[in-house]
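Each chain, letter by letter, is given below.
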Amino acid sequence: RWRPFQIAFLLMDINSIVDDQSPERSIVDLIWFPTGGGKTEAYLGLTAFTIFYRKLAYPKQSAGTAVIMRYTLRLLAAQQFTRAATLICACEYIRQDCAQKRRRYPAYPLGKTPITIGLWIGGTHIPNKNEDADFHLDKLRKVSNYYYVRNEKERHNKFQVLKCPWCGTKMVKDDKDKKLVGEWGYNMSGKHFYMFCPHEDCDFTKKLPIQIIDEELYDAPPTLLFGTVDSWLVWNLTGGKVHVTDYTNASRTMLYNIRELEWDDKLLQRLNIPKAMLPEVRNSSEIYGYVGTGDVQVPIAGIAGDQQAALFGQACFERGSAKNTYGTGCFLLMNIGKDFIQSRKGLITTIAATMHDDVEYALEGSIFVGGAVIQWLRDELHLIETAAQSEEYAMELSDNGGVYLVPAFTGLGAPHWDMYARGSIFGLTRGAGRSHIVRAALESIAYQTNDVLQAMVEDAELSLTELKVDGGACQNNFLMQFQADIMNCEVKRPAITETTALGVAYLAGLAVGYWESKEEIAKRWHEQQHFIPQMNQDVRDANCAGWRKAVDRATHWAE
């Protein structure tokens, strides 16, 4: 039962697959559907089409299909593996039927090569080699009493796939009513590991088209290799040798225990996510592998999440140092040092970019609408023609005239977290005009940043003397000055504002010895302009009180 958007997705993409001369071959589209909207089925439907089309149209060159599934959270991608494995079982079932001419399907020439799916991982989670798989499998086979089975599974079941994706039969032994029940769905054929379904009526009792041992993946690449875009990049750059992530990315999956620094087994079990899906977690700055051929081997030496990389690029290495990125939204991060802090103010505790396993933490607050409110003034209200004009209009006034704009177009983020808040303008009088609304929009970015900053100061029990800024909207001098005024601390704009790219470049440079230390990196940070608070405290208090009143009116609006 295909939904209309799924049919549209398939039809739009089929032409670029079947037509070698299609101009769409050089286009990469990001197609976004809300989580839960059925996009996985659309991707997998297209995957099945691509596999069969290549086998029919290019029987000698149909080696494989690469599918990148990018979700906001990695756990959402991991949860789709069972569906992908079921799809591959269905494709292989059809191929076998055609090869054996059982006549359930027309005798399509789909070849003799099985259609398979592979899952790549690091040696931390499952065996990289067949001999290691044989060792763990031998331990499982020797379990003869029900009271040993649970302990031995925790120690030696490194194979992750616990149920047959085709018929749902368990592939592990269990204890039930003080009896040992079930069968292992794992085996060795000579020196080669494989999986099978223990159920005698399943179509895959001899062998499942799934492979997870790295050694097998290298020797016989699967038709479909499943993963997310960052893992996919490192995997391909290293020729399929490395599947890793770093602490910063792992900390955002909601599956990683950032206190114990390990994947959380309880969460994985509760969400039915195979540990094998998850990459080995490494430092943000180290050599993970190499890309190149022959004598030219370039090290891959830096991995970091977007905002943590920006924090590093801003040289916020000291406890209490902070930066704010002014993009479509705003992302404020504060380095809180080596001690984990559980926020009481609705902030996220995350791991900062890490070197030498010396883990430091950061508090983060996300603002949904930052620079996007200026785009709204330009594109929807047509109050300005360019984003830069917002500064000119704001500077025409000495104050906001009592006008406040709360840009809660998609609710309010940190520290309010109100999904029912809605965008609102308050304080309009007959004397209010274009400049008042434009100024109120710019001020709203600074007010929201101040709300997050005050929550951070209370959580971390630290004072802030300066805020480093980056992102497109930080070029607006009115906004930066008002930000300094409303926070009552200096705002510093660096010479290089593309701090995410700069941060990960620093991490890579440190790993290969181009730079020696974070102290050297800190000396490379140069200021382009700084803004000193000039607002009277009474005015500051009155402005903030007006903002709080406006936010209070805008909250819970859509309940």
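Each remark here, short or long, concerns the structure printed above.
These numbers come from a predicted model, not from an experiment.

Draft legend 1. The arrangement of the packing of helix 14 (residues 434-460) against helix 18 (residues 537-554) in detail. Axis separation between helix 14 and helix 18 bottoms out at 11 Å; the angle between their running directions is 90 degrees. Taken together, the axis directions place helix 14 and helix 18 in an arrangement best described as roughly perpendicular. Contacts between helix 14 and helix 18 involve Ser444, Tyr447, Gln448, Asn450 and Asp451 on the former and, on the latter, Asn543, Cys544 and Trp547. Split into classes, the residues belonging to the contact of helix 14 with helix 18 amount to 3 nonpolar, 4 polar and 1 charged.

Draft legend 2. Structural view of the environment of Ser321. Along the chain, Ser321 falls in the loop between helix 11 (306-313) and strand 15 (322-326). For the pair Ser321 and Lys468, spaced 147 residues apart in sequence, the C-alpha separation works out to 8.4 Å. Once residues within four sequence positions are removed from consideration, Ser321 is found in contact with Cys316, Leu333, Met334 and Asn335. Among the polar contacts made by the side chain of Ser321, one reaches the main-chain carbonyl oxygen of Glu318 at a distance of 2.5 Å.

Draft legend 3. A look at the state of the cysteines. Going through the model one piece at a time under the given rule, you end up with 0 disulfides. Unpaired in this structure, Cys91 has its nearest cysteine sulfur neighbour in Cys89, at a distance of 9.4 Å. Classification of Cys91 by relative accessible area gives buried; the value is 2%.

Draft legend 4. Representation of the sheet that holds strand 16 (residues 330-337) in the model. Here 7 strands make up an open sheet; going across it, the order is 17-18-16-15-21-22-23 and the pairing mixed. Looking at the sheet topology across the chains shown, the edges are occupied by strand 17 (348-351) and strand 23 (527-531). Sheet twist, expressed as the mean angle between neighbouring strand axes with direction ignored, is 25 degrees. In this structure, strand 15 lies alongside strand 21 (residues 466-470), joined through 3 bridges in parallel fashion. Note that in strand 21 the partner of Thr325 across the bridge is Asp470.

Draft legend 5. Representation of the pattern of salt bridges within the structure. Within this structure, the stated rule accounts for 15 salt bridges. Of the charged contacts in the structure, one is a salt bridge between Asp175 and Arg150, with a shortest N-O distance of 3.9 Å. A residue pair is termed long-range when its members are at least 10 positions apart, and Asp175 in strand 3 (residues 174-176) and Arg150 in helix 6 (residues 146-156) qualify at 25 residues. Linking Arg553 and Asp552 is a salt bridge whose minimum nitrogen-to-oxygen distance equals 3.8 Å. Assessed through its relative accessible area of 44%, Arg553 is described here as partly exposed.

Draft legend 6. The arrangement of empty space enclosed by the protein in detail. The tally for this structure, following the rule as stated, stands at 3 cavities of 30 Å³ or more. Around the second largest cavity sit Gln308, Leu311, Phe312, Cys316, Phe317, Asn335, Ala352, Ala353, Glu360 and Lys518, which together line it. The greatest single-element share of the lining of the second largest cavity, amounting to 3 residues, is contributed by helix 11. Considering only residue class, the lining of the second largest cavity consists of 6 nonpolar, 2 polar and 2 charged.

Draft legend 7. A nonpolar patch on the surface, seen in detail. Residues Ile287, Tyr290, Val512 and Tyr514 make up a contiguous nonpolar surface patch of about 410 Å² in total accessible area. For Val512, the position within the fold is in the loop between helix 16 (499-511) and helix 17 (518-523).

Draft legend 8. Inspection of the layout of surface pockets at higher detail. Taken as a whole, the second largest pocket holds about 1200 Å³ of empty space. Lining the second largest pocket are 27 residues, and of these Asn157, Gln160, Leu162, Gln269 and Ile273 sit closest to its centre. Mapped by element, the contributors of at least two residues to the lining of the second largest pocket are helix 4 (81-100), helix 6 and helix 10 (265-271). Grouping the constituent residues of the lining of the second largest pocket by class yields 11 nonpolar, 7 polar and 9 charged.

Draft legend 9. Representation of the packing of aromatic side chains. Taken as a whole, this structure holds 18 aromatic pairs when the rule is applied. Consider the rings of Phe49 and Tyr53, whose centres lie 6.0 Å apart with planes at 5 degrees: the pair is stacked. Of this pair, Phe49 and Tyr53 both sit in helix 2 (residues 39-57), 4 residues apart, which is roughly one turn of the helix. Classification of Phe49 as partly exposed rests on a relative accessible area of 29%. For the ring pair Tyr404 and Tyr447, a centre distance of 6.0 Å and an interplane angle of 40 degrees mean the geometry is tilted. Placement of Tyr404 in strand 19 (residues 404-406) and of Tyr447 in helix 14 is noted, with a sequence separation of 43 residues between them. Considered together, Tyr404 and Tyr447 belong to a single accessibility category, that of buried residues. Taken together, Tyr404, Tyr447, Phe478, Phe482 and Trp547 form an aromatic cluster joined through their ring pairs. The ring of Trp525 has Lys468 lying over it, and the distance from NZ or CZ to the ring centre is 4.4 Å.

Draft legend 10. Broad picture of the packing of helix 5 (residues 130-141) against helix 6. Here helix 5 crosses helix 6 at 175 degrees, and the two axes come no closer than 10 Å. What the angle tells us is that helix 5 and helix 6 run roughly antiparallel. For the pair helix 5 and helix 6, contact is made by Phe135, His136, Lys139 and Leu140 and by Glu152, Lys153, Arg155 and His156, respectively. For the contact of helix 5 with helix 6, the per-class residue count stands at 2 nonpolar, 2 polar and 4 charged.

Draft legend 11. Summary view of the side chain of Gln307. Its place among the elements puts Gln307 in helix 11. A distance of 2.4 Å separates the side chain of Gln307 from the side chain of Lys323, its partner in a polar contact. Discounting residues that sit within four places of it in the chain, Gln307 has contacts with Lys323, Thr325, Phe331, Leu333 and Glu364.

Basis of the calculations
Residues numbered from 1 in each chain as written. Predicted model: local features only at pLDDT ≥ 70, side-chain atom pairs only at ≥ 80, totals over all residues. Heavy atoms only, no water. Axes fitted to C-alpha atoms, helices over the stretch in contact; angles between N-to-C directions. Helix = DSSP H or I, 4+ residues; strand = E, 2+ residues; numbered from the N terminus. Parallel < 35°, antiparallel > 145°, perpendicular 65-115°, else oblique. Contact = heavy atoms within 4.5 Å. Nonpolar A, V, L, I, M, F, W, Y, C, P; charged D, E, K, R; others polar. Polar contact = N/O pair within 3.5 Å; in protein donor to acceptor, adjacent residues only side chain to side chain. Disulfide = S-S within 2.5 Å. Buried < 20%, exposed > 50% of the residue type's maximum accessible area, 1.4 Å probe, protein only. Pairing = 2+ DSSP bridges. Salt bridge = Lys/Arg side-chain N within 4 Å of Asp/Glu carboxyl O. 1 Å grid on protein atoms, 1.4 Å probe; cavity = no way out; pocket = protein on both sides within 12 Å on 5 of 7 lines; lining within 4 Å. Points joined across faces, edges and corners; volume = space filled by probe spheres on them. Patch = residues over 30% accessible without salt bridge, like charges linked within 9 Å, V, L, I, M, F, W, Y side chains within 5 Å. Areas by Shrake-Rupley, 256 points an atom, 1.4 Å probe, with all protein chains shown as cover. Phe/Tyr/Trp six-rings, centres within 6.5 Å; stacked < 30°, edge-to-face > 60°. Lys NZ or Arg CZ within 6 Å of the ring centre and 35° of its normal.

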